[in-house]
Amino acid sequence: APVGVSEGPLAGRRVVVSAGGTREALDPVRYLGNRSSGRMGVALAAAARDRGAEVVLLACAMDVGPPAGVQVVPTPDATALELAVAEELFERQADVLVMAAAVADFRPARVEESKIKKQGEDEGLVLELERTPDILAGAVERRDAERAAGGPDPVIVGFAAETGDDGASVLEHARAKLARKGVDLLVANEVGVDTTFGKDSATVHLLGADGSERTVGPAPKTELAEAVWDAVQALPTPART
Ligand code: CTP
Ligand code: CA
């Protein structure tokens, strides 16, 4: 192949992967965050690169470094991530968005300009939180509107960390979330006793909008990432050139 032209099943495709956990500022030195390590998103970005895709990694806070050979856009909080999704998925017309980032559902209603100081002797602190935008839902909504107008029609993949007393209830939550989110593929992470954030292996259920379901794992995240791209490639492809 000519220099600079990749080969592989995703050659010529531009994919956007969000990874890690958002940090929502409280004051100049503090934030509300979560335990997402970024490992799954990084594995997805590396796997897509190896399949020939041009990869943009929207990097929230991560315990691991980004893989080589991908474009990294720092997205520290939900606001930055929402802007970057608009830019990289819609303005630059990517073919696939994979939202592996753990986005805060709530953020401080106000960001204090100076460090919050202790008051009184034993006084606690009550924080007021507001909802963050649902970035994935917003992307699906915009994609569907553009599709209806004959515009680009990227594939959108959502993630879900679900708990349940047994596998069946995790799947039930995941099926409901798939329907609610309108994504093409939902990757449901089983969050349970043996599977916690930061671990290198996990079990996932891959639920397609076409009704397809596949369970993968427990397996290393590199292997799960391959299964996710296999599922994306197996999706019925709309008229996309
Ligand atoms: N997500 C998002 N914006 C948010 C919250 C979540 O884009 N403000 C995305 C995540 O990146 C993930 C998907 O939505 O791909 C599902 O996240 P999850 O937390 O499982 O779902 P929620 O709709 O937030 O529901 P829950 O109340 O179960 O947390
Ligand atoms: Ca959530």
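Keep in mind that what you see is a predicted model, and the values were worked out from it rather than measured.

What counts and what doesn't
- Residues numbered from 1 in each chain as written.
- Chains lettered and ligands numbered in written order.
- Predicted model: local features only at pLDDT ≥ 70, side-chain atom pairs only at ≥ 80, totals over all residues.
- Heavy atoms only, no water.
- Donors = N, O, S within 2.8 Å, 3.2 Å for Na, K, Ca; no water.
- Helix = DSSP H or I, 4+ residues; strand = E, 2+ residues; numbered from the N terminus.
- Salt bridge = Lys/Arg side-chain N within 4 Å of Asp/Glu carboxyl O.
- Buried < 20%, exposed > 50% of the residue type's maximum accessible area, 1.4 Å probe, protein only.
- Contact = heavy atoms within 4.5 Å.
- Near = heavy atom within 4 Å.
- Polar contact = N/O pair within 3.5 Å; in protein donor to acceptor, adjacent residues only side chain to side chain.
- Areas by Shrake-Rupley, 256 points an atom, 1.4 Å probe, with all protein chains shown as cover.
- 1 Å grid on protein atoms, 1.4 Å probe; cavity = no way out; pocket = protein on both sides within 12 Å on 5 of 7 lines; lining within 4 Å.
- Sits in = over half its atoms within 2 Å of the grid points.
- Nonpolar A, V, L, I, M, F, W, Y, C, P; charged D, E, K, R; others polar.

Undergrad: Break down the coordination of the calcium ion (ligand 2) for me, citing the residues and quoting the values.
TA: Within the protein, Asp105 (OD) and Asp105 (OD) serve as the donor atoms for the calcium ion (ligand 2), at 2.4 to 2.6 Å. Examined against the element boundaries, Asp105 turns out to sit in the loop between strand S6 (96-99) and strand S7 (106-108).

Undergrad: Now, about the pattern of salt bridges: what can you tell me, with residues and values included?
TA: Counted under the stated rule, the structure contains 20 salt bridges. Across the pair Asp50 and Arg49 runs a salt bridge whose closest N-O atoms are separated by 3.0 Å. You can call Asp50 exposed: its relative accessible area is 53%. Taken together, the salt bridges that share partners define one network made up of Arg14, Glu54, Glu87, Glu88 and Arg92.

Undergrad: Which residues make up the side chain of Glu162, and what values go with them?
TA: Locating Glu162 in the fold gives a position in strand S9 (residues 155-162). For Glu162, a relative accessible area of 8% translates into the label buried. With near-sequence residues (within four places) excluded, Glu162 lies in contact with Val170, His173, Lys177, Asn189, Glu190 and Val191.

Undergrad: Describe the site of ligand 1, listing the residues and the values that go with them.
TA: Close to ligand 1 lie 16 residues, the nearest being Met99, Leu136, Phe159, Lys177 and Lys181. A distance of 2.8 Å is found between an oxygen atom of ligand 1 and a backbone nitrogen or oxygen belonging to Ala101. Measuring from a nitrogen atom of ligand 1, one finds a backbone N or O atom of Pro133 at 2.8 Å. Surface burial for ligand 1 is 75%, taken as the share of its 570 Å² of free accessible area covered by protein chains. A molecule is said to occupy a pocket when more than half its atoms come within 2 Å of that pocket's grid points, and by this definition ligand 1 occupies the largest pocket. If you list the elements that add at least two residues to the shell around ligand 1, you get helix H3 (135-148), S9 and helix H4 (167-181). Residue composition of the shell around ligand 1, by class: 10 nonpolar, 2 polar and 4 charged.

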